[in-house]
Amino acid sequence: WGNSLFEDPAEFTYGMFLGIFHQRRKLADLVREALAADTPGEVKDALQGWLDNMKDPIGSRKYGDQLKALLPAQNGNPLLAKIAEKSKLFTKKSFWIFAGDGAAYDIGYGGVDHVLATNEDINLLIMDTEVYSNTGGQMSKSTPLGAVAKFAAGGKTIGKKDVAQQAIAYGNVYVARVAFGANPQQTLQALREAEAYPGPSLIIAYSHCIAHGFNLEQGLQQQKRAVDSGHWPLIRYNPLIREAGGNPFTLDSLRPTMPLMEYRKIEGRFKQLARDNPQEAERLSRIAEQAARLRWDVYEKMSLRHAEEFPADGRRD
């Protein structure tokens, strides 16, 4: 675990990842050297098993535990002693970047985009509050159309940035949008799939916030309203399914069952504009409703496509 400035979690975690990556690559070189030398058969089997499974968390731990038991008995072998010294590197590590939407959509987006484009096995969880929560409630590129925030006192007049679509366009990124209050099982499934995916993963999690202006004891219920209204469609995109010839895009939520305004009327960030400027609030609400409907139509069509209609993963195709 490491903690950094809020605007650079991607670069900070990627640095940690690269440090462990290069140490394990050096360990793999030592293992290959030991396999080519006069090494006892039982130890050699464990070394080969580890090398074959070094990128698998379960397999690397299994053979790593065998090596931890076997290597201390190999007295006088300096090469095996070097390998034993690096036993903390046996188990494949999991790396997760935690970021808010201010960092992931705005000030830290360059780092986020760079990590997603690396092809490395690193995961990113965006806790999307749709506002700069950390610095007092300023508008971010994640802030929805019509919401009031600092620097958007008259209601934000442009739509929310779709980071999920941008990541899908790479072809090699696992992508999910989740809302624990609406579907905890889908959230858990997305986390498991992201962890298992051998490449970059992005999960965008709906995160209710005090800046939304409602009683946060009702936060999970409001998350469900966000999904039911079409404001927050639940999706998963798994490139491995495309590789197998299937549609990699899954739309996990049903068609909207309530008007967008039914969801918005709970929150102060939308109600404030209705009080201050009812005419403008009505105008922006109509545009937001249309935008939500259009986004849903795009996602629904994506869920019906064939595999070849999605970007190819150049690492595998």
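Residues numbered from 1 in each chain as written. Predicted model: local features only at pLDDT ≥ 70, side-chain atom pairs only at ≥ 80, totals over all residues. Heavy atoms only, no water.

Novice: Which residues make up the side chain of Ser207, and what are the values?
Specialist: Along the chain, Ser207 falls in the loop between strand S4 (201-206) and helix H9 (219-228). Excluding residues that lie within four positions of it along the chain, Ser207 makes contacts with Met127, Asp128, Thr129 and His212. (Helix = DSSP H or I, 4+ residues; strand = E, 2+ residues; numbered from the N terminus. Contact = heavy atoms within 4.5 Å.)

Novice: Go over the pairing of S4, please, and point to the residues and values.
Specialist: Within S4, six of the six residues are buried, which leaves it mostly tucked inside the rest of the structure. Of the pairings in the sheet, the one linking strand S2 (residues 123-128) to S4 comprises six bridges and is parallel in character. The partner of Asn123 across the bridge, within S4, is Ser201. Examined bridge by bridge, strand S3 (residues 174-178) and S4 share five bridges and lie parallel to one another. (Buried < 20%, exposed > 50% of the residue type's maximum accessible area, 1.4 Å probe, protein only. Pairing = 2+ DSSP bridges.)

Novice: Can you lay out the layout of surface pockets for me, pointing to particular residues and giving the numbers?
Specialist: Considered as a void within the structure, the largest pocket measures approximately 560 Å³ in volume. Along the walls of the largest pocket sit 27 residues, with Pro9, Ile97, Phe98, Ala99 and Met127 positioned nearest its centre. A per-element tally of the lining of the largest pocket places strand S1 (residues 96-100) first, with five residues. Grouping the amino acids of the lining of the largest pocket by side-chain chemistry returns 15 nonpolar, 11 polar and one charged. In this model, the second largest pocket occupies a volume close to 450 Å³. By residue class, the composition of the lining of the second largest pocket is seven nonpolar, one polar and nine charged. (1 Å grid on protein atoms, 1.4 Å probe; cavity = no way out; pocket = protein on both sides within 12 Å on 5 of 7 lines; lining within 4 Å. Points joined across faces, edges and corners; volume = space filled by probe spheres on them. Nonpolar A, V, L, I, M, F, W, Y, C, P; charged D, E, K, R; others polar.)

Novice: Could you give an account of unusual backbone geometry, with specific residues and numbers?
Specialist: Note on backbone geometry: most residues besides glycine have negative phi, and most peptide bonds are trans. Positioned with a positive phi, Asn119 is a non-glycine residue whose angle comes to about 75°. You can see Asn119 is positioned in the loop between helix H6 (109-116) and S2. Look at Phe151: it is not a glycine, yet its phi comes out positive at around 75°. Note that Phe151 resides in the loop between S2 and helix H7 (163-168).

Novice: Provide a residue-level description of helix H8 (residues 184-196), including the pertinent values.
Specialist: In this model, H8 (13 residues) spans 18 Å end to end at C-alpha, consistent with the 18 Å of a helix rising 1.5 Å per residue. Where H8 is buried, its residues contact S1, S2, S3, S4 and strand S5 (235-237). (Expected span 1.5 Å × (residues − 1).)

Novice: Which residues make up the sheet that holds strand S6 (residues 249-251), and what are the values?
Specialist: What the six strands build is an open sheet, ordered S1-S2-S4-S3-S5-S6; its pairing is mixed. Among the strands making up the open sheet, the edge pair consists of S1 and S6. When the angles between neighbouring strand axes are averaged without regard to direction, this sheet yields 15°. Relative to S5, S3 is paired through three bridges, and the arrangement is antiparallel. Residue pairing across strands places Val175 opposite Tyr237, the latter belonging to S5. (Axes fitted to C-alpha atoms, helices over the stretch in contact; angles between N-to-C directions.)

Novice: Explain the packing of helix H1 (residues 9-36) against helix H2 (residues 41-52) to me, and be specific about the residues and the numbers.
Specialist: Close contact between H1 and H2 brings their axes to 10 Å; oriented N to C, the two are set at 145°. Of the two elements, H1 crosses H2, and the hand of that crossing is left-handed. Packed against H1, whose contacting residues are Arg24, Leu27, Ala28, Val31, Arg32, Ala34 and Leu35, the element H2 presents Lys44, Leu47, Gln48, Trp50 and Leu51 at the interface. Its residues assigned to classes, the contact of H1 with H2 comprises eight nonpolar, one polar and three charged. (Left-handed = near helix turned anticlockwise from the far one by under 90°.)

Novice: Give me the nonpolar core: which residues, what numbers.
Specialist: In terms of nonpolar packing, the biggest core is built from 48 residues, with Ile126, Val175, Leu202, Ile204, Trp232 and Phe249 touching the most fellow members. In terms of residue count, helix H13 (residues 278-302) provides more of this core than any other element does, seven residues in total. Beyond its immediate stretch of four places on either side in the chain, Trp232 contacts Asp128, Glu130, Lys160, Arg177, Val178, Ala179, Ile204, Ala205, Tyr206, Ala226 and Val227. Residues Leu27, Ala34, Leu89 and Phe90 belong to the second largest nonpolar core, which totals 20 residues. (Core = buried A, V, L, I, M, F, W, Y, C linked by side-chain atoms within 4.5 Å.)

Novice: Provide a residue-level description of the packing of helix H12 (residues 268-276) against H13, including the pertinent values.
Specialist: The relative placement of two packed helices comes down to the angle between their axes together with the axis-to-axis distance. Here H12 crosses H13 at 135°, and the two axes come no closer than 5 Å. The pairing of H12 with H13 is recorded here as oblique in orientation. Contacts from Leu273, Ala274, Arg275 and Asp276 of H12 reach H13 at Pro278, Glu280, Ala281 and Leu284. Classifying every residue of the contact of H12 with H13 by side-chain character gives five nonpolar, no polar and three charged. (Parallel < 35°, antiparallel > 145°, perpendicular 65-115°, else oblique.)

Novice: Can you tell me about the packing of aromatic side chains, naming the residues and giving the values?
Specialist: The final tally for this structure, using the stated rule, is 10 aromatic pairs. Seen from their ring centres, Phe6 and Tyr132 are 6.3 Å apart, and the 85° between their planes marks the pair as edge-to-face. Here Phe6 is found in the segment before H1, whereas its partner Tyr132 is found in the loop between S2 and H7, with 126 residues between them in sequence. Under the relative-accessibility criterion, Phe6 is labelled partly exposed at 34%. On the accessibility criterion, Tyr132 (14% relative accessible area) is buried. Taking the centre distance of 5.4 Å and the plane angle of 80° together, the rings of Phe17 and Phe95 count as edge-to-face. (Phe/Tyr/Trp six-rings, centres within 6.5 Å; stacked < 30°, edge-to-face > 60°.)

No statement about biological role is implied by the geometric values presented.
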